[in-house]
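Descriptive analysis of the structure
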Amino acid sequence: MSSIELGRAPTPGEVGPALIVENLVVRYGATVAVDGLSMTAETSQVTALLGPNGAGKTTTVEVVCGLRPATSGRVRLLGAEPGSRQVAERIGVMLQQGGLYPTARPLEWLTYLARLYPSHAEPSALLELVGIDPSTRTTTRRLSGGEQQRVKLAAALLPNPEFLILDEPTAGLDPLARRNLLEAIGARRDSGTSILLTTHQLSDVETLADRVIVIAGGRIVADGTVSELTGADDAMSFGSRPGLDLTDLAAALPASYRVREVRAGSYVVHGPPTPQIMAAITAWCAQKGLMATDLAVGQRTLEQIVIDAGLEQP
Ligand code: ADP
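Throughout what follows, the structure given in this document is the object of discussion.

Quick notes on the rules
- Residues numbered from 1 in each chain as written.
- Predicted model: local features only at pLDDT ≥ 70, side-chain atom pairs only at ≥ 80, totals over all residues.
- Heavy atoms only, no water.
- Near = heavy atom within 4 Å.
- Polar contact = N/O pair within 3.5 Å; in protein donor to acceptor, adjacent residues only side chain to side chain.
- Areas by Shrake-Rupley, 256 points an atom, 1.4 Å probe, with all protein chains shown as cover.
- Helix = DSSP H or I, 4+ residues; strand = E, 2+ residues; numbered from the N terminus.
- Core = buried A, V, L, I, M, F, W, Y, C linked by side-chain atoms within 4.5 Å.
- Buried < 20%, exposed > 50% of the residue type's maximum accessible area, 1.4 Å probe, protein only.
- Contact = heavy atoms within 4.5 Å.
- Pairing = 2+ DSSP bridges.
- Axes fitted to C-alpha atoms, helices over the stretch in contact; angles between N-to-C directions.

1. Structural notes on the site of the ligand
Lining the immediate surroundings of the ligand are Y28, T31, A33, P52, N53, G54, A55, G56, K57, T58 and T59. A55 is positioned such that a nitrogen or oxygen atom in its backbone is 3.0 Å from an oxygen atom of the ligand. One of the side-chain N or O atoms of T59 is found 2.5 Å from an oxygen atom in the ligand. Computed on the free molecule, the ligand has an accessible area of 560 Å², of which 59% lies beneath the protein chains in the complex. Listed by contribution, the elements that provide at least two residues to the shell around the ligand are β2 (31-42) and α1 (57-65).

Spelled out as structure tokens, the structure:
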């Protein structure tokens, strides 16, 4: 195939997680980099992995790509084993380091890579899609940082991937280059591609991510949409001891209110904040002999969530 196939929307009934990670453990000698991590990435969604340095994001991504074996646990990517033949031609990977041949022009490089795939998009059309002139005579090493990132994204899109893995795709880009790249990634998602993204750029996450998973110390410490994690919609938040009986708390509130433990000991109550609800939350905690700390209307920022996760990292 030599045309651009902009993916396809999943048909009803086939929607399920594109990636399933169950109880993943990866050890480097005595270091436990990933410590029993379970997560999913849904089809046609952008799932962002966030967390402080050393949290285990890159290691997780490497296992999902099939570049690194798991010490234990189970990973299914598009229903198959990562790194297997069934998966290799259906995924695109854009890693932070490398991925370009320095003395090749963009079109030469993509044309070379295209030969590695039995079925692929048309290289010059892909370059146009990401905003690079296919006829440019500039070699990839002389392109600006933003242009290089876009050529790498085009390379990752060559196999018309059903699943796209992007490690820090906007690192070092100026605001316009970042916006262009985010638009290109968002367009892929909208045409049906499932995307797993790691980034430190929280504004990218707010712009693009359907789902956010925060990792610290090799474990998941928060999982939800941006608005669920930050409580950006109508919400109140409070802290208490981890593992509260949320069914019991919800029963003490009007039926329309939902309660979630967004990370250990950090709770968000979704629903319109009112003085009565705030009082009901503290009364319920008092009845259980618990302190409700940091009781607040609305929100914690994503930045605060990641900073807290880093502070609590073992
Ligand atoms: P992140 O991408 O979130 O910064 P990493 O997956 O790179 O985290 O690292 C997780 C942990 O594993 C860190 O403690 C890191 O020092 C360690 N680590 C990563 N790669 C190796 C390696 N090749 N050998 C030994 N330890 C490693």
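2. Structural notes on the nonpolar core
Residues L50, L110, L153, L166, V205, V212 and V214 are the most contacted members of the largest nonpolar core, which totals 49 residues. Among the elements that make up this core, the one with the highest residue count is helix α5 (residues 145-157) (six residues). If sequence neighbours within four positions are ignored, L153 has contacts with M94, V130, L164, L166, L181, A184 and I185. With 27 residues, the next largest nonpolar core counts V63, L78, V87 and I165 among its residues.

3. Overview of the sheet that holds strand β1 (residues 17-28)
Spatial ordering of the open sheet is given by β2-β1-β4, a layout of three strands whose pairing is antiparallel. The sheet is open, and its two edges are formed by β2 and β4 (72-77), each paired on a single side. Across this sheet, the average inter-strand angle for adjacent strands is 15°, counted without regard to direction. Here nine bridges tie β1 to β2, and the two strands are oriented antiparallel to one another. Each bridged residue has a counterpart across the sheet, and for V26 the counterpart in β2 is V34. Each of β1, β2 and β4 is contacted by α1, which is oriented at about 120° to β1, the strand it contacts most.

4. Regarding the environment of E89
With respect to the helices, strands and loops of the structure, E89 is situated in the loop between α2 (85-88) and β5 (91-94). Placed 134 residues apart in sequence, E89 and D223 show a C-alpha to C-alpha distance of 29 Å. In contact with E89, not counting residues within four places along its chain, are P118 and P159.

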